Structures are given as structure tokens and as C-alpha cells.
Amino acid sequence: MYHSAGCIKHIASFIFLGVLCNAVSVQSTVFMHKPAAMGKDYYVVFPRNGDLVGNQNSATAALINSPVLQTIMITLPGPAHQQYHKVLTPGNARIHEDFGSILHVESNSEVVDVGGAARFQGTSPFNLIGQYGSPRILHQPIRLFPLPAGAKNTG
Amino acid sequence: MIDEEEGINSGYGYYPNVYSIPNFTIIASQNNTNVTIVPTIQTAVGRMANVPFKITLNQGDVYYVSDAADPSNPNAVANEDPCEADFSGTHITSNHPIGVIVGQSWTTVPCGQGGGNECGDAAQEWLPPVCNWDSIYVISPAAPGENNGEIMKIGCGADSTTLTIWDPVAGPQLQGTLNAGEFWPYDTPISTALLITANGPILPVEMPISSSLCEPGSGPQGFNNAMVS
């Protein structure tokens, strides 16, 4: 295995995982290298692609899977950084949402898109998959709710 | 979750009669993120290959880079050689964690007319940082009958890296020695499990070979970064 000094926290995670595995089995340890399993904090943006040369559209969507019911804090793209929350209630801990005109698809090379990434934050780990182009996942327009008065995004 | 500190971009194929635009997208997770980029080909606004340039991003900012063939560039120049429409080897470093997405707008595999088909598609993939790359990987073949097999591009993250591929029949086969930013093409469709070892960080990227049938979904839908060792 190779690890550079720049990933100390990852090494710590791997060592911890290794200890757990060794406690229950002598088989080899598997290290997940891709931060794709679950997290509590995601940025979402799409490169310009399908509409550039192909026949795809720029509709955007997201699939959220959460093992627990929770509130997902959504910070919309753009300098204003408006925040909303999405409540995952019984029956929809797994949701798909059509973010058609909300999530950014980058179009100009070498220009900073200020605050161009939407941010999704939860209090418990969840999985988020972004998708755009055709065919996209099922249409279900996003339903966003303003933050309650005095609410604070704690990330 | 964005947790990237540096990465080497990997771009792929090209459909000869349509502009295919290699691109990468950088997302910052903290304010005052200073990013240095060394592209391996000319960018859309004319930044030259192998000349570093710097940008500063704040939290949530996005920076997208395409190549000189981008039609949105009024001075767009189509690449004569389809296999040169490729940001592979581009080096990106930053002082705070960033995320990097890499891709091609119209991918066929193999690149160029060698692909022998018109069935391209967009392909994008998050790029893991070099510090998360490993030196030993097990590569499994695609499920029989699902596609035309997969080929690989093995990126290298350090100088003087010796690369060996272990075939169950032929045994260990030394492929060569690579420097940081270089990649090793493995163009034989993978038909059996392989073990890849090196003395430094490497990133094998599997790419499904394009279908000759232009049906929905026939083009590559993405790249598979080998992530488990």
C-alpha cells in the first residue's frame, strides 16, 4: 500500500477499520478509496457536456438515500446562498428530485462560477447521486421549504 | 464529500466528426482556496500547455476548464488528432480541499477512428486525490455478454514508478517505468482478473469499449476508477 503524508486522517481511518476487521476475521482488509459511500456534506454541480455536442438536455436531478429519517439542509447555488431544508419523513427516506433549473451546469471555461455548487448537508450520513442528461431519473419537482425562523445551518 | 488536495486528470476518447471536449471542474470547500493548474493541452481561453496558472476560489465556487476545441470559444480549434483531445496528466494542487470532476463530452473507447463507431456519449467521474491512490489493485473483468469488454488507462502519481501487471496465466509482467502525470495504456480487453502492483501511487481507470450499435446507452456511461485494493 502507498500513502502520502497528505492523507493522515485517511490513514487513521484505515487503521481503525483494519483493527475492526482483524478482531473478527483474519481475512484481508478492504480499504474503500472512493468517498462515495455515504457522507453528511455534499457539493453538487455538473460540467457542461450533453448540450455541447450531443442530444442530451441539461435537466438535473438528485437521488438521495438515507438510512434514517432526517432533515437535509440544501444551500442553493449562487451568491445569495439561500438555504432550505428537505424533511425526509417515513416513506421517503429514499427520494428522487428534479432540480431542473436549480443545480448549475457549467458553461463557460475558466470563469469562476461564484457559489455555483449547491450544498446538501445532513446530521446523519446519507448517499447522494447527481444525474443529468437524458434519460434522467423520474420527474418529481423538488419541494423546498424555507428555514424556520431562527434556524441555523450547523453543517 | 469533497476531500481533494491534488489530482491528475484523466481524459479519454474522441469522436472524429464531432468536437469532443475534454474538461475538468474544480469545486472549493473553503474560502481563500488557492489552486494551481498545469494543463497538458491548450485551454479554451488560450492558456498554453504545461504553463502553470493560479486561481483563487471561495467556498462553493466552481471553476470549469475545457480545451481549445470548445465551440463556445469564438476561436475554437478542433483537434486534428482525436487522441490528443485529452487533459490526462494535468496537475492540480491546492492549499485547501477541493473536488475535481473529469470527463469528455463525447466519449468513444478506444479514442479516435480506432474506436470504429459513432456511438459516443458524455462520461464524467469524480477524481480521487493522489493521496488516496494505492499501489496494488485487483481488476475484475466485466460480466460476460454485457458489453465489449474494458480497457484501462493507469495513471501514475510519482516519478520512477515501476508498474507490473500480474496475469493468472502469464504471471507477473513488467510494463515499464513511469513518471508523475504519465499513464500506461492497457488496450487489451480485460478477460480475466488482473493484479496491478507498483512501487508508488497509481490509479487504474477502466473504460468500457464502445458499442458499434448506436442505441440509447450504447456509449460509455462513465469511467470506473478501481477503488479497492
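Notes on the structure in this doc start here. A quick note: this is a predicted structure, and the numbers were derived from the prediction, not measured. (Residues numbered from 1 in each chain as written. Chains lettered and ligands numbered in written order. Predicted model: local features only at pLDDT ≥ 70, side-chain atom pairs only at ≥ 80, totals over all residues.)

### As for the overall build of chain B
Helix and strand content of chain B: 0 helices and 14 strands. The helix and strand sequence of chain B, counted from the amino end, reads β-β-β-β-β-β-β-β-β-β-β-β-β-β. Long-range pairs, those at least 24 residues apart, make up 75% of the contacts in chain B with a sequence separation of at least 6. (Helix = DSSP H or I, 4+ residues; strand = E, 2+ residues; numbered from the N terminus. Contact = placed C-beta atoms within 7 Å.)

### Things to note about the pairing of strand E7 (residues 118-132) of chain A
Residues and elements named next belong to chain A. Across 5 bridges, strand E1 (residues 39-44) lies against E7 in antiparallel orientation. Bridge pairing in E7 places Tyr42 opposite Phe120. Pairing of strand E2 (residues 60-65) with E7, which is carried by 6 bridges, proceeds in the antiparallel orientation. Along E7, the bridge assignment pairs Ala62 with Gly130. (Pairing = 2+ DSSP bridges.)

### A short note on the nonpolar core
Buried together is how nonpolar side chains tend to be arranged in soluble globular proteins. Residues Val44 and Val45 of chain A together with Ile26, Ile27 and Val100 of chain B are the most contacted members of the largest nonpolar core, which totals 40 residues. Excluding anything up to four places from it in sequence, Ile26 of chain B contacts Val35, Tyr63, Ile92, Ile98 and Val100 of chain B. Counting 23 residues, the second-largest nonpolar core is a separate cluster that includes Ile139, Cys156, Phe183 and Ile209 of chain B. (Core = buried A, V, L, I, M, F, W, Y, C linked by C-beta atoms within 7 Å. Buried ≥ 20, exposed ≤ 12 C-beta atoms within 10 Å, placed from the backbone.)

### Things to note about the environment of Gly115 of chain A
With respect to the element layout, Gly115 of chain A can be found in the loop between strand E6 (112-113) and E7. Looking at Gly115 of chain A, the number of C-beta atoms within 10 Å reads 21, which means it is buried. Ignoring any residue separated from it by four or fewer positions in sequence, one finds Gly115 of chain A in contact with Pro77, Gly78, Pro79 and His81 of chain A together with Gly60 and Asp61 of chain B.

### Points about unusual backbone geometry
All names here are of chain A. In the Ramachandran plot, Glu110 falls in the positive-phi region, its phi being about 60 degrees despite a non-glycine side chain. Tracing the backbone shows Glu110 in the loop between strand E5 (94-98) and E6. When the 18 C-beta atoms within 10 Å are taken as the criterion, Glu110 is described as partly exposed.

### Let's talk about the environment of Asn32 of chain B
Residue and element names in this part refer to chain B. Within the secondary structure layout, Asn32 lies in the loop between strand E2 (22-28) and strand E3 (33-38). Note on Asn32: 11 C-beta atoms within 10 Å, which makes it exposed. The spacing of Asn32 and Asn58 is 26 residues in sequence and 5.3 Å in space, taken between C-alpha atoms. Here Asn32 is in contact with Thr56 and Asn58, once residues within four sequence places are set aside.

Scope: geometric values only; no functional claims are made or implied.
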